[in-house]
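Each chain, written out:
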Amino acid sequence: MEKYLSIPYLLCSMEPDLDDVCFVLGRLSIKNLKFFLESLDSYCDEHNLTIQGFDERKIADMDHLLFAIHRAKESFSNNTNVAKNPGLEILRFASGQRQIDKAFSIGLSAGDNKCIFAIFGDLRNPEPVKSMFIEEFQLRKTTPTPLEEKKPYLMSQFGITKEELAAVGDDKLKDLVMERIALVDGTR
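Residues numbered from 1 in each chain as written. Predicted model: local features only at pLDDT ≥ 70, side-chain atom pairs only at ≥ 80, totals over all residues. Heavy atoms only, no water.

Further remarks concern the packing of aromatic side chains. Under the counting rule described, the total for this entry stands at five aromatic pairs. Taking the centre distance of 5.4 Å and the plane angle of 70° together, the rings of F36 and F137 count as edge-to-face. Here the residue F36 occupies a position in helix α1 (residues 33–47), and F137 occupies one in the loop between α5 (126–136) and α6 (147–158), the gap between them amounting to 101 residues. Across this residue pair, the class does not change: F36 and F137 are buried. Ring geometry for Y43 against F137: centres 5.3 Å apart, planes inclined by 80°, an arrangement best described as edge-to-face. In this pair, Y43 is assigned in helix α1 and F137 in the loop between α5 and α6, connecting sequence segments 94 residues apart. Side by side, Y43 and F137 carry an identical accessibility label, which is buried. Among the aromatic side chains, those forming a connected cluster through ring pairs are F36, Y43, F117, F133 and F137. (Phe/Tyr/Trp six-rings, centres within 6.5 Å; stacked < 30°, edge-to-face > 60°. Helix = DSSP H or I, 4+ residues; strand = E, 2+ residues; numbered from the N terminus. Buried < 20%, exposed > 50% of the residue type's maximum accessible area, 1.4 Å probe, protein only.)

Shown next, in the form of structure tokens:
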């Protein structure tokens, strides 16, 4: 059984313990990042949602995001979270960074973005939630970037050297990314 239902640019988790999250993949042009983030915060408040955006080129695959979400939920459950905001805590784990200010490197930026958004809230019926979000922020359809094309972005984001990747093989790039996520907060 597949874990994800894929509809052009809409992805929704089928994991039983993550029923409160869905994903939207798309292209987005951001002229003013601060204004965009303020608009996103207002939208979240208005619809009682938490939404976190990521640079899709720096996300290895859906397992990467799901593992970051799991780690963030675990940190809140254990009262070991660094960020007060769940979206920022997920961003922190997804980026492989302990420090919040460094975690923004995996987020959105001004200009054209190929992005993936994690949407959290009451998602008993996620399709209208995703459709409203896509319309509100004028996301354009796109397809997932193949892992091979993400390689330079992932290596840079997670500090993976050419030598390290050569030692384990290109097919282990995702494993190295997941290792970095697992090690966040490993030492304090």
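Further notes follow.
Moving on to the nonpolar core. If you look at the biggest cluster of nonpolar residues, it comprises 32 residues, and the most contacted ones within it are F23, F54, I106, I116, I160 and V177. Looking at this core, the elements with two or more residues in it are β3 (21–30), α2 (62–77), α3 (86–95), β5 (111–120), α6 and α8 (173–183). Looking at this core, the element that brings in the most residues is α2, giving six residues. For F54, the residues in contact, after removing those within four places along its chain, are I59, L65, I90, L91, A94, I106, G107, L108, K114, C115, I116 and A118. Of all hydrophobic cores here, the second largest spans 20 residues; its members include V24, Y43, L49 and C115. (Core = buried A, V, L, I, M, F, W, Y, C linked by side-chain atoms within 4.5 Å. Contact = heavy atoms within 4.5 Å.)

Once that is clear, we can look at the environment of G96. Within the element layout of this structure, G96 appears in the loop between α3 and α4 (100–103). The partly exposed category is assigned to G96, whose relative accessible area is 23%. Each C-alpha atom, one on G96 and one on V177, is 7.8 Å from the other, the two residues being 81 residues apart in sequence. Apart from the residues within four sequence positions on either side, G96 is in contact with F158, R180 and V184.

Within α3, eight of the 10 residues are buried, which leaves the element mostly enclosed by the surrounding structure. When α3 is considered as a whole, its buried residues turn out to be G87, E89, I90, L91, R92, F93, A94 and S95. Between the side-chain oxygen at the start of α3 and the backbone nitrogen of G87 there is a gap of 2.6 Å, and the oxygen is on N85. Positioned one or two residues after α3, G96 has a phi angle of 75°, which is positive. (Polar contact = N/O pair within 3.5 Å; in protein donor to acceptor, adjacent residues only side chain to side chain.)

In a pair of packed helices, the angle between the axes and the distance between the axes together describe the arrangement. Where α1 meets α5, the closest approach of the two axes is 12 Å, and the angle between their N-to-C directions is 150°. As judged from the angle between their axes, α1 and α5 are roughly antiparallel. Seen from above, α1 lies across α5 with right-handed handedness. Mapping the contact onto sequence places L40, Y43 and H47 in α1 and V129, M132, F133 and E136 in α5. (Axes fitted to C-alpha atoms, helices over the stretch in contact; angles between N-to-C directions. Parallel < 35°, antiparallel > 145°, perpendicular 65-115°, else oblique. Left-handed = near helix turned anticlockwise from the far one by under 90°.)

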